[in-house]
Every structure is written in structure tokens, then in C-alpha cells.
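What follows is the residue order along each chain.
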Amino acid sequence: MILVTGAAGGPQGSTGRHVTNLLLERGEAVRAFVHSDDHRAEELRKLGAEVVVGDLREIASVRPAMRGVRRAFFTYPVTAGLLDATGVFAAAAKEEGVERVVEVSQLDASPEAGTPRMRRHWVAEQVFDWAGVGAVHLRAGVFFENLAVAASGGTLALPLGPPDTWVPLVAGEDVARVAAGVLLDPGPAEPVCLVNGQMATIGEAADALGVPYVDLPPEEWEARALGFYGDPYAVEHLTHLWAIFRFIGSGDHPLFRVTESIQRYGGRPPMTLREFAG
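Along every chain, residues carry numbers that run from 1 in the direction the sequence is written. Local features in this predicted model are restricted to residues of pLDDT 70 or higher, and side-chain atom pairs are both shown and tallied only at a pLDDT of 80 or more, whereas totals for entire chains, interfaces and linings draw on every residue. Only hydrogens and water are set aside; all other atoms, that is, all heavy atoms of the structure, feed into the side-chain values.

A. Summary view of the environment of Phe 245. In this description a helix means any DSSP run of H or I spanning at least four residues, a strand means any run of E spanning at least two, and both kinds are numbered starting from the N terminus. Looking at the secondary structure, you find Phe 245 in helix α10 (residues 232-248). Separated by 112 residues in the primary sequence, Phe 245 and Val 133 place their C-alpha atoms 34 Å from one another. Every residue in contact with Phe 245, bar those within four places of it in the chain, is listed here: Val 142, Leu 160, Thr 165, Trp 166, Val 167, Pro 168 and Phe 256. Residue contacts follow a heavy-atom distance rule, with two residues in contact if any of their heavy atoms lie within 4.5 Å.

Written out as C-alpha cells, the structure is:
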């Protein structure tokens, strides 16, 4: 039995839903953890998943969901509660004797990272490591889905400076393919797995999405984003993230490269943004 969180999917990449589908297609027994028992949960049942409903921040929800599980996938949306959910999930996994937890982190997770969310992700990685549950941290680039949301108004309006600013990108589906591959790999795994599918300038990204790029002043973008996302936590993270890329601009960075993990664990070359936009 493999426990998958975020299994209902959502606007931030739907990695949990993709992982669930990939595992079910391969004949694996999947316990799908969802927050609401809605039509998405019913679709998961029809696909053959065992569905459990609960709150990832609540040990009373996660502990019974972890029973009988040997491997698990953990993801948490860009909103408040990451460290609460991490602590709960790690404690339940340790108690159950889970042998591998694959969790979605961020490309530059570290104590000195430029966004609070990335720093929290680094802390979350430490918690999973301390729990001794065979944690594998998928440090992923910016999801295509995030740019698609930003471009939904007909322009890719972001505070990224000139159009030659580099952005490390990856499809949520490719992150899920790596996760499924690592979950099913019987051999040992490195604790940190970088997952980046494409390097593109923001101008190239806009072209792939079929919209013009507009460089917004950071203050204007932040005001727009708060109304659009309705979540100050998400806006805080994205505001800092865009500032990092704007600062790097068209320069080089050690993490700005396409990684081999998608081919190795996902079994195919990385998807391009143009293919995603399709």
C-alpha cells in the first residue's frame, strides 16, 4: 500500500493526482489522501484508489491513514501549515515503520534561501530525515502550471525584469513521474533529487504560452496577486521568488540546468512548456 497526499489535485501542479494515476496504471495499491470528499474523490474511487479524507495537519487524520503503508508521497500546497503537516506526517510514518517517503520540496531549499517558503522546505527536509523514514526530497523548479495561471488573463505579467531573465521550469506531471519512479524503485535512493525540466527566458516562456510578456513593477504585481490568489502566504513566496530571478537576470546559476532525474526515474525526456501549452 502506497499513501499519496494531495491526491485530488489542484491548481499548483496536481502532483498528487498525477502520482495516484501513475501508480494505479501500474497496478499498485494506492490510498489517496484528500481534504474534501467531493467529485474528485469519487473519481479516485472509480479509478481503484482507497480514499481517506482528512487534514494533513491533524495527527488524528494522518495516523490511521498511514496504517499498513510501506511507502508514501507527501506534498503540501503553497499556503500556511507546511511545517505542521510535515511534523504530523513524519511522526505517523516513523510510528508505522514506513521505509520511504518521497516529498516535494523546492529547487533552492536551504537555510539561506531567498524565500521564506524555501527555508521552511529545508526545515521540512530535516524533519523527515530525523524521522528516519528513508526520505527523498524532490527539489523542483517553477511549475509550468504557475506560469499558466499567471498568463490566464491574456498576458504573462510578472515582475521579472527584461524578457531575457532566466527561469528554471518543470511540468508538474514530470515531478510526479519522478516521484512514482522513486516510490517503486526497490534500490537505495539519494536523499536529494533535483528535478528541473527546462531552462527558458521569461520571454521564451511567454512565447510558448502564446501571450505577450509584460514586466510589472513588483508593488503592482503584489497588489494584483493578492486579489488573484487570495492567500498572503502564496503571494509572499512568489514575490520573493520573482525577486531572486530578477536579481540573477540573464546570468548563470549552479541550479539553472536541466536534470537527468526525469529521464532516469520518469522514463522519458522532460516535457517542454510548448508541449504543455499544447
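Text resumes after the structure shown.
B. The arrangement of the sheet that holds strand β2 (residues 30-34) in detail. Following DSSP output, two strands are said to pair if at least two bridges run between them. Reading across from one edge, β3-β2-β1-β4-β5-β6-β10 is the order of the seven strands in this open sheet, with parallel pairing throughout. Strands with a single pairing partner mark the edges of an open sheet, and in this sheet they are β3 (50-53) and β10 (192-195). Taking each pair of neighbouring strands and ignoring which way they run, the sheet shows an average axis angle of 20°. Summarising the sheet, strand β4 (residues 71-74) and strand β5 (residues 100-106) pair through four bridges and their orientation is parallel. Along β5, the bridge assignment pairs Phe 74 with Glu 103. To get an axis, a line is fitted to the C-alpha atoms, and for a helix only the part in contact is used. The angle between two axes follows their N-to-C directions and goes from 0 to 180 degrees. The sheet strands contacting helix α1 (residues 15-25) are β1 (2-4), β2, β4 and β5, and the helix crosses β1 at an angle near 155°.

C. Structural detail: the sheet that holds strand β9 (residues 166-170). Taken in spatial order, the three strands line up as β7-β9-β11 in an open sheet, and their pairing is mixed. In this open sheet, the two strands that pair with only one neighbour each are β7 (142-143) and β11 (198-201). As paired elements, β7 and β9 share two bridges and run parallel to each other. Residue pairing for β9: Val 142 is matched across the bridge by Leu 169.

D. The pairing of β9, seen in detail. The buried count for β9 comes to four of five residues, which makes it a mostly enclosed element. Where β9 meets β11, four bridges bridge the pair, whose relative direction is antiparallel. Counterpart to Trp 166 in the pairing with β11 is Thr 201. Categorising residues by exposure relies on relative accessible area from a 1.4 Å probe, with only protein chains included: less than 20% of the type maximum marks a residue as buried, more than 50% marks it as exposed, and the intermediate range marks it as partly exposed.

E. The pattern of salt bridges, seen in detail. Here, a salt bridge means any side-chain nitrogen of Lys or Arg that lies within 4 Å of a carboxyl oxygen of Asp or Glu. Applying the stated rule across the entire model yields 15 salt bridges. Residue Asp 37 is joined to Arg 45 by a salt bridge in which the shortest nitrogen-to-oxygen separation is 3.1 Å. For Arg 45, a relative accessible area of 31% translates into the label partly exposed. Ionic pairing is found between Arg 57 and Asp 55, a salt bridge with its closest N-O pair at 3.1 Å. Here the salt bridges do not stand alone but share partners, grouping Glu 173, Asp 174, Arg 177 and Arg 268 into one network.

F. Geometry of the packing of aromatic side chains. Between rings of Phe, Tyr and Trp, where Trp is taken as its six-membered ring, a pair exists when centres lie within 6.5 Å; planes separated by under 30 degrees are stacked, by over 60 edge-to-face, and by other angles tilted. A full pass over the atoms with the stated rule returns seven aromatic pairs. For the ring pair Trp 221 and Trp 242, a centre distance of 6.4 Å and an interplane angle of 90° mean the geometry is edge-to-face. Taken as a pair, Trp 221 in helix α9 (residues 218-229) and Trp 242 in helix α10 lie far apart in primary sequence, 21 residues in all. Taking the relative accessible area as the measure of exposure, Trp 221 reaches 5% and is therefore buried. Connected via pairs of aromatic rings, a cluster forms that spans Trp 221, Trp 242, Phe 245 and Phe 256.

G. How the structure looks around the pairing of β4. Burial along β4 is two-sided: Arg 71 and Phe 73 and Ala 72 and Phe 74, pointing in opposite directions, are all buried. Pairing of β1 with β4 involves three bridges; the strand directions are parallel. Residue pairing for β4: Ile 2 is matched across the bridge by Arg 71.

H. Molecular detail of the packing of α9 against α10. It is at 9 Å that the axes of α9 and α10 come closest, and there the two elements cross at 150°. Here the hand of the crossing between α9 and α10 comes out right-handed. For the pair α9 and α10, the contacting residues are Pro 218, Trp 221, Glu 222, Ala 225, Leu 226 and Tyr 229 in the first and Pro 232, Val 235, Leu 238, Thr 239, Trp 242 and Arg 246 in the second. Three classes are used, and their members are as follows: Ala, Val, Leu, Ile, Met, Phe, Trp, Tyr, Cys and Pro are nonpolar, Asp, Glu, Lys and Arg are charged, and the others, Gly among them, are polar. Per-class residue counts for the contact of α9 with α10 are nine nonpolar, one polar and two charged. Note on convention: the crossing is left-handed when the near helix lies turned anticlockwise from the far helix by less than a right angle, right-handed when the turn is clockwise.

I. Main features of helix α8 (residues 202-209). All buried positions along α8 are accounted for by Ile 202, Ala 205, Ala 206, Ala 208 and Leu 209. In an axial view of α8, the angular spread of the buried residues amounts to 160°, which keeps them on one side of the axis. Of the residues one or two after α8, Gly 210 is the one with positive phi, at around 75°. The reported arc concerns the directions from the helix axis to the C-beta atoms and nothing else.

J. Just the packing of α1 against helix α7 (residues 172-184), in detail. Put simply, α1 and α7 touch, their axes get as near as 8 Å, and they point 50° apart. By the angle class used here, α1 and α7 are oblique. The two elements α1 and α7 cross, and the hand of that crossing is right-handed. Of the residues in α7, those touching α1 at Thr 15, His 18, Val 19, Leu 22 and Leu 23 are Gly 172, Glu 173, Val 175, Ala 176, Arg 177, Ala 179, Ala 180, Leu 183 and Leu 184. Taken together, the residues of the contact of α1 with α7 break down into nine nonpolar, three polar and two charged. Oblique is the label for any angle not under 35 degrees, not over 145, and not in the 65 to 115 range, which are roughly parallel, roughly antiparallel and roughly perpendicular in turn.

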